[in-house]
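Breakdown of the fold
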Amino acid sequence: MAAVIESKTPNEKATPIENRQDHQLETVLKPDEIIVDAAAKGQATSGYETISLWETIKIFKVATGCCFAAAFSAGADGYQMAMNASIIANKGFVKQFATAMTADGKKFLASGTISSWSATQNCGQVMGQTGISFVNARFGRKVGMYVLWTLITSSVLVETFARNWKIWLVAKLFAGMGVGAMQATILGYISEVAPVRVRGSMLMLYSFWWTLGSFCTHVALQRLNRQNAFDYLTPIYTQWGHVGVMAIIYICLPESPAWCASVGMEEQAKKHLKFINCDVKGYDVEYQYQVLALNIEHERAIAAEQRNESWVAIFKGVDGRRTITALWAIVAQQFLGLALFGTFGTYFFQQAGLADPFKIKAITSSLQIVTVLSAVILVDKLGRRLMACCSTTLMWIACLVVGILGVAPESNATTYIFVLFACFWNIGIAGNGAAGWGYIGEISSQRLRPYTSGFAAAANSTSGLIMSVLTPYMVNANQWNWRYKTGFFYAGVGLIWVVGSWLIIPETAGRSAAELDELFERKIKAWRFKRTETATQRLVKSEQEAQQS
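What counts, and where the lines are drawn
Residues numbered from 1 in each chain as written. Predicted model: local features only at pLDDT ≥ 70, side-chain atom pairs only at ≥ 80, totals over all residues. Heavy atoms only, no water. Helix = DSSP H or I, 4+ residues; strand = E, 2+ residues; numbered from the N terminus. Rg over C-alpha atoms; globule rule 2.2 N^0.38 Å. Buried < 20%, exposed > 50% of the residue type's maximum accessible area, 1.4 Å probe, protein only. Contact = heavy atoms within 4.5 Å. Areas by Shrake-Rupley, 256 points an atom, 1.4 Å probe, with all protein chains shown as cover. Lys, Arg positive; Asp, Glu negative; His and termini not counted. Charge placed at Lys NZ, Arg CZ, Asp CG, Glu CD. Axes fitted to C-alpha atoms, helices over the stretch in contact; angles between N-to-C directions. Parallel < 35°, antiparallel > 145°, perpendicular 65-115°, else oblique. Patch = residues over 30% accessible without salt bridge, like charges linked within 9 Å, V, L, I, M, F, W, Y side chains within 5 Å. Salt bridge = Lys/Arg side-chain N within 4 Å of Asp/Glu carboxyl O. Phe/Tyr/Trp six-rings, centres within 6.5 Å; stacked < 30°, edge-to-face > 60°. Lys NZ or Arg CZ within 6 Å of the ring centre and 35° of its normal. Core = buried A, V, L, I, M, F, W, Y, C linked by side-chain atoms within 4.5 Å. Disulfide = S-S within 2.5 Å. Nonpolar A, V, L, I, M, F, W, Y, C, P; charged D, E, K, R; others polar.

Some details on the overall build of the protein chain
Along the protein chain, the regular secondary structure elements total 26 helices and two strands. Whereas a compact globule of 549 residues would reach a radius of gyration of roughly 24 Å, the protein chain reaches 24 Å, a difference of no more than 12%. The principal-axis extent of the C-alpha atoms belonging to the protein chain is close to 85 × 45 × 40 Å. For the protein chain, with 549 residues in total, the buried portion stands at 57%. In the protein chain, 80% of the contacts between residues at least 6 apart in sequence involve partners at least 24 apart. Put simply, the protein chain shows about 21900 Å² of open surface, and 63% of that area lies on carbon and sulfur atoms. Where the 48 positive side-chain charges of the protein chain centre and where its 38 negative ones centre are 10 Å apart.

Remarks on the side chain of Ser 463
Looking at the element boundaries, Ser 463 is found in helix H23 (residues 449–475). The exposure class assigned to Ser 463 is buried, which follows from its relative accessible area of 9%. Residues contacting Ser 463, with those up to four places away along its chain left out, are Val 331, Gln 334 and Phe 335.

Details of the environment of Leu 400
By secondary structure assignment, the location of Leu 400 is in helix H21 (residues 385–407). Distance in space between the C-alpha atoms of Leu 400 and Leu 336 is 9.8 Å, their sequence separation being 64 residues. Filtering out sequence-adjacent residues up to four positions away, Leu 400 remains in contact with Gly 487, Phe 488 and Ala 491.

Concerning the side chain of Thr 153
For Thr 153, the position within the fold is in helix H9 (residues 141–161). For Thr 153, a relative accessible area of 15% puts it in the buried group. Ignoring anything within four residues of it in the chain, the contact list for Thr 153 reads Trp 240 and Val 243.

Focus: the packing of helix H8 (residues 111–139) against H23
Packed helices, taken two at a time, are described by their axes: the angle between them and the distance between them. One way to put it is that H8 packs onto H23 with a least axis distance of 8 Å and a crossing angle of 175°. It follows from the interaxial angle that H8 and H23 lie roughly antiparallel.

Describing a nonpolar patch on the surface
A contiguous nonpolar patch, built from Leu 386, Leu 495, Val 499, Trp 502, Leu 503 and Trp 527 and spanning about 570 Å² of accessible area, is present on the exposed surface. No other element matches helix H24 (residues 486–504), which puts four residues into the nonpolar patch. Mapped onto the fold, Val 499 is located in helix H24. Using a relative accessible area of 45% as the deciding quantity, one classes Val 499 as partly exposed.

Things to note about unusual backbone geometry
For Lys 523, which is not glycine, the phi torsion reads 60° and is therefore positive. Assessed through its relative accessible area of 63%, Lys 523 is described here as exposed.

Quick notes on the packing of aromatic side chains
Aromatic ring pairs: the centre-centre distance and the angle between the two ring planes describe each pair. Per the counting criterion, the structure on display carries 23 aromatic pairs. Centroid distance Phe 93 to Tyr 232: 5.8 Å. Interplanar angle 85°. Geometry classified as edge-to-face. Of this pair, Phe 93 sits in helix H7 (residues 91–97) while Tyr 232 sits in the loop between helix H11 (199–227) and helix H12 (233–237), placing them 139 residues apart in sequence. Three or more aromatic residues link up through ring pairs in this structure, and these residues are Phe 93, Phe 97, Trp 117, Trp 168 and Tyr 232. One residue, Arg 138, lies across the ring of Phe 139, its end atom 5.1 Å from the ring centre. Over the face of the ring belonging to Tyr 289 we find Lys 270, whose NZ or CZ atom lies 5.4 Å from the ring centre.

Comments concerning the nonpolar core
Met 182, Ile 186, Ile 190, Tyr 250, Leu 253, Phe 341 and Trp 425 are the most contacted members of the largest nonpolar core, which totals 109 residues. Looking at this core, the element that brings in the most residues is helix H22 (residues 412–442), giving 13 residues. Val 94, Trp 117, Leu 233 and Ile 236 belong to the second-largest nonpolar core, a separate cluster that totals 15 residues.

Quick word on the state of the cysteines
Scanning the model with the defined rule gives zero disulfides in all. No disulfide involves Cys 67; its nearest neighbouring cysteine sulfur is the one of Cys 66, lying 6.8 Å away. Here Cys 278 stays free of any disulfide, with the sulfur of Cys 66 as its closest cysteine sulfur at 8.5 Å. Relative accessible area serves as the criterion here: at 52%, Cys 278 is assigned to the exposed category.

Thoughts on the packing of helix H5 (residues 61–72) against helix H10 (residues 165–193)
Running from N to C, H5 and H10 cross one another at 170°; their axes reach a closest spacing of 10 Å. By the angle between their directions, the pair H5 and H10 is classed as roughly antiparallel. For the pair H5 and H10, the contacting residues are Ala 63, Cys 66, Cys 67, Ala 70 and Ala 71 in the first and Ile 186, Tyr 189, Ile 190 and Val 193 in the second. Residues belonging to the contact of H5 with H10 are distributed by class as follows: nine nonpolar, no polar and no charged.

Structure follows, in structure tokens:
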């Protein structure tokens, strides 16, 4: 099935080969040398490299199910985040939590209050994302799941009893910490458990369930707006259902075998490997553990050689590049209108003068669902890079057009054009988010995954903190009142992120963690990842040729 790992160790070197050009490797290396070269790079074949995407799902049903369940918990993340953002347009919520009053006696939420809620939630996210990284690395992904569940439960509890804006502020802190911890934990877990051939689809499921959860919020708020515009408590109460489902999922999920192997818990790693792959015929737990351990030992050897064994290695050299790559697509969202169209979308549509802002938000969210579902189906076939870069570019174009509407003479067509490009932006954010969160989960080395994922997610939240403070002032009719012209701001600050996407974001589809290590260590350009041959690919080709001869 695959090369015998015992015949090769991470310390073995193919010295004459390393000094030659990469494109000459295939013709120079003999079959035995290919095995040694792959082992020196921490790679070995698993025996499942050549099966199709659908075959992978059918063979690895339990592993796929674990990833599906972990991603499903993100529905609570999407529901809560969307509810917190959109409920501020609910009349009952405004009446209860209003902090200012117009000259004619009408209550409203001051921009400072809204900004403080959003800023506190973003601060909480940063705290959760960075803090949970050390928990995940030290105690494992399961403990991380229990911690994030406790935080989210606490936030829902405080929201349930909050009756003034200060208590709601406390709820936002817990919500941010819980959501941040989830973002830094679940994606890394999926990346470690998912079969390589469908890892992209499994990671995209996180975005799909997040988007679906968000959509459910907007549908619920729209219905309540029609039936009882002053009922804001029902959406809050419905979050308890998500909390219960999350608890069941986290109790049932196995620990990550990769984490167990990385901390020397060999028997536990084999135990969880056996459970996750219990339905795979002929699965050799001992051999697959050796494949996993080989890559981990290689990463440790490289780190020791470069004296980058601490977690701060995520800011240095090759690992520093991987950190930038991990955060680029997702942080780009913040500078391309996430706070405008997403976080404060309903509020923005309301301030822009649209008659039914909840309905528009529901329509745009439904487009996101279709887009993300398409990404789940196609990402492992078509790849991540093109989807991420094109989606980011589409968001920028939408921001630019909305800005132009702000200086063009306003007419009946203005609203229709605005809604159209708001839809385009939502298609873009769905593609960008699906790919971006996927990169956070898979781009790091196994050794530094908790820290890279946590820092990348925290960079996103920190950027969101800045934008969440500014955006309410931009769109509030009682403050700066930029309305559509806010699009120009995001088109300006987002341009560098669009250009950078095409230069920085690589293609990772079908690559194992060990192969990604090799590509980054060789400093391959982002746009050349897809066409560059790795040691694993040469090993697979060599084995196929041996079987045919």
